[in-house]
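Residue strings, one per chain:
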Amino acid sequence: IQRDRVIDRMLTVGVISQSEAEAAWSTEISTKPKEPKFLYSEFPYFTIYVQKQLAEILTPDQMEAGGLVVETTLNVAWQREAEEAVEEAIAMGQRQRYEQAALVAVDPRNGEIKAMVGGNDFNESQFNRVTQAQRQPGSTFKTFVYTTAIAAGFSPYKGYVDAKYVIDGYEPKNYGDRFSGSVDLLKALQSSINIVAVKVLVDVGFEPVIGMAKGMGIQSSLIDAYSLALGSSEVNLLELTSAYGTLANQGKHVPVHGIRRVLNSQGEVLYQVKNDPVQAVDADTAAIMTWMLEGVVQGGTGSNAAIGRPVAGKTGTSERNRDLWFVGYIPQLVTGVWLGNDDSTPTWGASSSAAYVWRVFMRELLDDIPEEGFPERPSLNNREGTIEAKPVKPGKVVAAGAGESGSESRRRSSEESSDEAPPASSRRSERSERSEPEPEEAPAPAREREQPAPRSSGGGSGNSNPPAPREAAPAAAEPPAASPPPAPAAPAAPPPPPPIEAPPPAPLPAPVAPAPAPPPLAAPTESGEAE
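Reference entry: report on the structure contained in this document.

Criteria and cut-off values
Residues numbered from 1 in each chain as written. Predicted model: local features only at pLDDT ≥ 70, side-chain atom pairs only at ≥ 80, totals over all residues. Heavy atoms only, no water. Axes fitted to C-alpha atoms, helices over the stretch in contact; angles between N-to-C directions. Helix = DSSP H or I, 4+ residues; strand = E, 2+ residues; numbered from the N terminus. Parallel < 35°, antiparallel > 145°, perpendicular 65-115°, else oblique. Left-handed = near helix turned anticlockwise from the far one by under 90°. Contact = heavy atoms within 4.5 Å. Nonpolar A, V, L, I, M, F, W, Y, C, P; charged D, E, K, R; others polar. Salt bridge = Lys/Arg side-chain N within 4 Å of Asp/Glu carboxyl O. Buried < 20%, exposed > 50% of the residue type's maximum accessible area, 1.4 Å probe, protein only. Polar contact = N/O pair within 3.5 Å; in protein donor to acceptor, adjacent residues only side chain to side chain. Phe/Tyr/Trp six-rings, centres within 6.5 Å; stacked < 30°, edge-to-face > 60°. Lys NZ or Arg CZ within 6 Å of the ring centre and 35° of its normal. Pairing = 2+ DSSP bridges.

### Concerning the packing of helix α6 (residues 142–151) against helix α11 (residues 283–299)
- For the pair α6 and α11, the least separation of the axes is 9 Å and the interaxial angle reads 135°. One way to sum up the angle between α6 and α11 is to call them oblique. Handedness of the crossing formed by α6 with α11: right-handed. Across from Thr-143, Tyr-146, Thr-147, Ile-150 and Ala-151 in α6, the residues of α11 making contact are Thr-285, Ile-288, Met-289, Met-292 and Leu-293.
- Across the contact of α6 with α11, the residue classes break down as seven nonpolar, three polar and no charged.

In structure tokens:
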């Protein structure tokens, strides 16, 4: 109908003759199907991400006008290295029983996304596991708990007792049910000790930890449950990587983005990014946390990420190794890696595999990025906090002392707190938590630290009646690199399963030209549930 109207109009104004009009009317109408969007995009995951950002920053009229020139943040060379690193990760996954991998790299100084790989094959699935997959972060979330504690004035050498601990019916478990006895925060983070992380959360409070995580870049909803310390609340890889970038940028958070500028067909600037940094963490706390996270790579669970220059980062594993994480940074770049299955089935891998993939990617960029050291760690003497802790006041606590048996601990309540503060009213009850085996290689020890202050035990107790508890799905965290011997009276731990070693570093394969992408498919369901 529309064609006939146009022909009539052309005949009326004399553009065509009567015979030409009749010939046009008699011609059969044929259509040409439109090719799917992003069919010939070399980097389709990033392209779709940018397309969604465009819809948020431009008006519908500007979008429909067309002729747009979009300047993005992507580093093409680094993007190709990221895709090759993901290919190597998928090859490892054949024997470690995971089928998917995702990687994102961000410049923490300006929030620019430099590389993004949302899955192993865009042809099979357009679901972007960097931005869309909500998964339990496991022990990578401990970084926010410890950052809150340091900002509240806790010393990295503050002592805690790693022993049997039950709070309002929730009992976190360490790898192999082993206890380390008296440890400080530095060692507890380096070895990823679950019980201490929960005790620190209790001492600083839910509200300060959630506020810290939000300020650093976490946008997903966080549940104020004891298992929050072990990563029970789901997040996505992009926001988690962005939040770690806040520490890399000396406590200043810059929102991540993939678009620098947009011009119209006349060359006029329609949009230009304005990302003013916000001081989410004080600089001294950020420097101390970076120093602590360096120890994770130098002699803890993240040793597979060592690249011969200063690196800070943290591993993470959800229950039954469903999610394998490593997020690490140098001063100029923060990179996050996730490995797992879309249906959340358990893997046979470990977070050390994610750290290895991180190294595979990062080592190829070293020629492009000058070596730069982290800020010096400030003095720990007479530090004052920049935020206020709001300790949880639990209803019931059963806590063993160092070397005390579980039966002895049941005859008394918690006596561990050495830094009493006004208790908060929030608490949650959850079921027992157990982390899965996580064998690691430990290279050279962390750099020399100050003489620790005398240790004091941590934790807290209270006797007010709690409100009705709320359940939150717990998440597991990876065990320490080298598990300490069990306390004298602790029950014997079952032997861990044999370690799964990451393959030795090998030269990356030559770049493979990406295959054309088919029309978009439905995204898989991402449950991220833990048992």
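Following the structure, the description resumes.
### What to know about the pattern of salt bridges
- Applying the stated rule across the entire model yields twelve salt bridges.
- Taking the shortest distance from any N to any O, the salt bridge between Arg-261 and Glu-71 comes out at 2.9 Å. Here Arg-261, found in strand β8 (residues 259–263), pairs with Glu-71, found in strand β1 (residues 69–72); they are 190 residues apart in sequence, far enough to count as distant.
- Judged by its relative accessible area of 28%, Glu-71 is partly exposed.

### Overview of the environment of Glu-207
- Among the secondary structure elements, Glu-207 is positioned in helix α9 (residues 206–216).
- Under the relative-accessibility criterion, Glu-207 is labelled exposed at 54%.
- For the pair Glu-207 and Pro-391, spaced 184 residues apart in the sequence, the C-alpha separation amounts to 9.1 Å.
- Of the polar contacts made by the side chain of Glu-207, one reaches the side chain of Lys-390; its length is 3.0 Å.

### So, the environment of Asn-304
- Within the element layout of this structure, Asn-304 appears in the loop between α11 and β11 (312–317).
- In sequence terms Asn-304 and Arg-359 are 55 residues apart; their C-alpha atoms lie 7.2 Å from each other.

### Overview of the packing of aromatic side chains
- Across all of its chains, the model carries nine aromatic pairs by this definition.
- Ring centres of Phe-46 and Tyr-49 lie 6.4 Å apart, and the angle between their planes is 35°; on these two criteria the pair is classed as tilted. Highlighted residues: Phe-46 and Tyr-49, both in helix α3 (residues 44–57), separated by three residues, approximately one helical turn. No difference in accessibility class separates Phe-46 from Tyr-49, as the two residues are buried.
- Taking 5.5 Å as the distance between ring centres and 75° as the angle between the ring planes, the aromatic pair formed by Phe-326 and Trp-358 counts as edge-to-face. Taken together, the residues Phe-326 in strand β12 (residues 323–330) and Trp-358 in helix α12 (residues 351–362) connect sequence positions 32 residues apart.
- Assessed through its relative accessible area of 0%, Phe-326 is described here as buried.
- In this structure an aromatic cluster arises from ring pairing among Phe-141, Phe-144 and Tyr-244.
- Across from the ring centre of Trp-291, 4.5 Å away, lies the NZ or CZ of Arg-377, which sits over that ring.

### Remarks on the sheet that holds strand β13 (residues 333–340)
- Strand order in the open sheet formed by five strands is β3-β2-β13-β12-β11, and the pairing between neighbours is antiparallel. Edge positions in the sheet fall to β3 (112–117) and β11, since each of these pairs with one other strand and no more. Between one strand axis and the next, the sheet turns by 10° as a mean value, whatever way the strands run.
- By the bridge criterion, seven bridges tie strand β2 (residues 100–107) to β13 in an arrangement that is antiparallel. Bridge pairing in β13 links Ala-105 to Thr-335.
- Contacts from α11 reach β11 and β12, with the element oriented near 60° to β11.

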